[in-house]
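Here is how the chains run, residue by residue.
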Amino acid sequence: MDDARYRIAPDTALRLTETLLSPDERVAMNLFSAILRAPEPLAWSDGRQLLVCRSDPRAPVWAWLRPGADGDAQQLLACILSGRIAACPAAQLNVPSALGALVQLAAELAGCSVRAHMALRAYVCRRLIEPVYCGACSAPTDADRPAMASLLRQLVEDGDHSSIPQAEAERFAASFVGSPNLFLWRDGGAVCAMAMVAGRTERAARINTVVTDRARRGRGYAGMLVAQLCKRLLERGAEPMLYADAANPSSCRAYEKIGFTCVGTVTEYRTHGKSSR
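Residues numbered from 1 in each chain as written. Predicted model: local features only at pLDDT ≥ 70, side-chain atom pairs only at ≥ 80, totals over all residues. Heavy atoms only, no water.

**Quick notes on the packing of helix α6 (residues 145-159) against helix α7 (residues 166-175)**
Axis separation between α6 and α7 bottoms out at 8 Å; the angle between their running directions is 125°. With respect to α7, the element α6 is oriented oblique. Handedness of the crossing formed by α6 with α7: right-handed. On the side of α6, the interface is formed by Arg145, Met148, Ala149, Leu152 and Arg153, while α7 contributes Gln166, Ala169, Glu170, Phe172, Ala173 and Ala174. (Axes fitted to C-alpha atoms, helices over the stretch in contact; angles between N-to-C directions. Helix = DSSP H or I, 4+ residues; strand = E, 2+ residues; numbered from the N terminus. Parallel < 35°, antiparallel > 145°, perpendicular 65-115°, else oblique. Left-handed = near helix turned anticlockwise from the far one by under 90°. Contact = heavy atoms within 4.5 Å.)

**Some thoughts on helix α1 (residues 10-20)**
Listing the buried residues of α1 in full gives Ala13, Leu16, Thr17 and Leu20. Along the long axis of α1, the arc covered by the buried residues comes to 105°, so they all point the same way. Turned more than 90 degrees from where α1 packs its buried face, Asp11 and Thr19 sit exposed. (Buried < 20%, exposed > 50% of the residue type's maximum accessible area, 1.4 Å probe, protein only. Arc of directions from axis to C-beta.)

**So, the side chain of Ser45**
Looking at the element boundaries, Ser45 is found in strand β1 (residues 42-45). Within polar-contact distance, the side chain of Ser45 engages the backbone nitrogen of Gly47 at 2.9 Å. In this structure the side chain of Ser45 is engaged in a polar contact, spanning 2.6 Å, whose partner is the backbone oxygen of Leu50. If we ignore the near neighbours within four places in the chain, the residues touching Ser45 are Tyr6, Ile8, Leu16, Leu50 and Leu51. (Polar contact = N/O pair within 3.5 Å; in protein donor to acceptor, adjacent residues only side chain to side chain.)

**Notes on helix α4 (residues 71-87)**
Helix length check: α4, at 17 residues, gives a terminal C-alpha distance of 25 Å against a target of 24 Å (1.5 Å per residue), a fit within 8%. Residues of α4 that are buried: Ala73, Leu76, Leu77, Ala78, Cys79, Ile80, Leu81, Ser82, Arg84 and Ile85. (Expected span 1.5 Å × (residues − 1).)

**Digging into the packing of α4 against helix α5 (residues 100-110)**
One way to put it is that α4 packs onto α5 with a least axis distance of 8 Å and a crossing angle of 50°. When the axis of α4 is compared with that of α5, the two are oblique. Both α4 and α5 take part in a crossing whose hand is right-handed. Here α4 contributes Gln74, Gln75, Leu77, Ala78, Cys79, Leu81, Ser82, Ile85 and Ala86 to the contact with α5, which in turn contributes Leu102, Leu105, Ala106, Ala107, Leu109 and Ala110.

**Observations regarding the pattern of salt bridges**
Taken as a whole and judged by the stated rule, the model has 13 salt bridges. Taking the shortest distance from any N to any O, the salt bridge between Arg145 and Asp142 comes out at 3.0 Å. For Glu157, the salt bridge identified is with Arg214, shortest N-O distance 2.7 Å. Here the residue Glu157 occupies a position in helix α6, and Arg214 occupies one in the loop between β9 (204-212) and α8 (221-235), the gap between them amounting to 57 residues. A relative accessible area of 41% places Arg214 in the partly exposed class. Each of the salt bridges in this network shares a partner with another, and the network as a whole consists of Glu157, Asp158, Arg214 and Arg217. (Salt bridge = Lys/Arg side-chain N within 4 Å of Asp/Glu carboxyl O.)

**Some thoughts on the packing of aromatic side chains**
By convention here, two paired aromatic rings are described through the distance between centres and the angle between planes. The full count for this structure, using the stated rule, is six aromatic pairs. Centre to centre, the rings of Tyr123 and Tyr255 are 6.4 Å apart; their planes meet at 50°, and the pair counts as tilted. Linking Tyr123 in strand β5 (residues 112-125) with Tyr255 in helix α9 (residues 249-257), this pair joins segments that are 132 residues apart in sequence. The exposure class of Tyr255 is buried, given its relative accessible area of 9%. Chaining the aromatic ring pairs together yields one cluster made of Tyr123, Tyr255 and Phe260. (Phe/Tyr/Trp six-rings, centres within 6.5 Å; stacked < 30°, edge-to-face > 60°.)

Written out as structure tokens, the structure is:
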């Protein structure tokens, strides 16, 4: 199917995120906002029941389908996704978890295999429950670069079960010295945790890159840091949100303890090669 007639302008897609998605769905599909503000994003919609976008032809695809959408809309979404997979066989797809069957269908139409890589729980904090603090939040300094590089490597190893070169971690650390978006939690002079505020809009802000040093886990440092960030964001009228690995219940409980509520689950799928069928 030629889906060119469903291509829409980025500003139209941004408007549709406001008119089609519920407030909780906008939280779960928070990346729509960041993607559609990229230099040359791509977007598809029927204007009523579905929305698909990616920041460039090789970037991850994010897709939404109205709950209870009719069969025509479901088939259209599968066809649009299959076109994205065909154009980029090593595609990453992010969709509400209930759409797994449509992702499988899209991969079959494109002649590829697909597997669920990670389920992410979308959390929003609308009413903060402050913990008992031990330590303080601070901006990163040049002296913190080794700690930041170490925390990033731990985050990738624990979350994605892969590794990044030390040089890449050091470049990350150097680039965020003095950043207004990356924050550290210190206790007793040691850097204990790290988190970043990304994707800020007037109404929402996404918190990511949350990690506690392995030697200091179990003491609530990440929760303290995230709580401080939430307090600042809420005071400015922005709803804090984040994605948590659904397979990590202790992390999910830590967020719920400080006032986060889950408003949806997004599953990340990865396609690979041609189908063996």
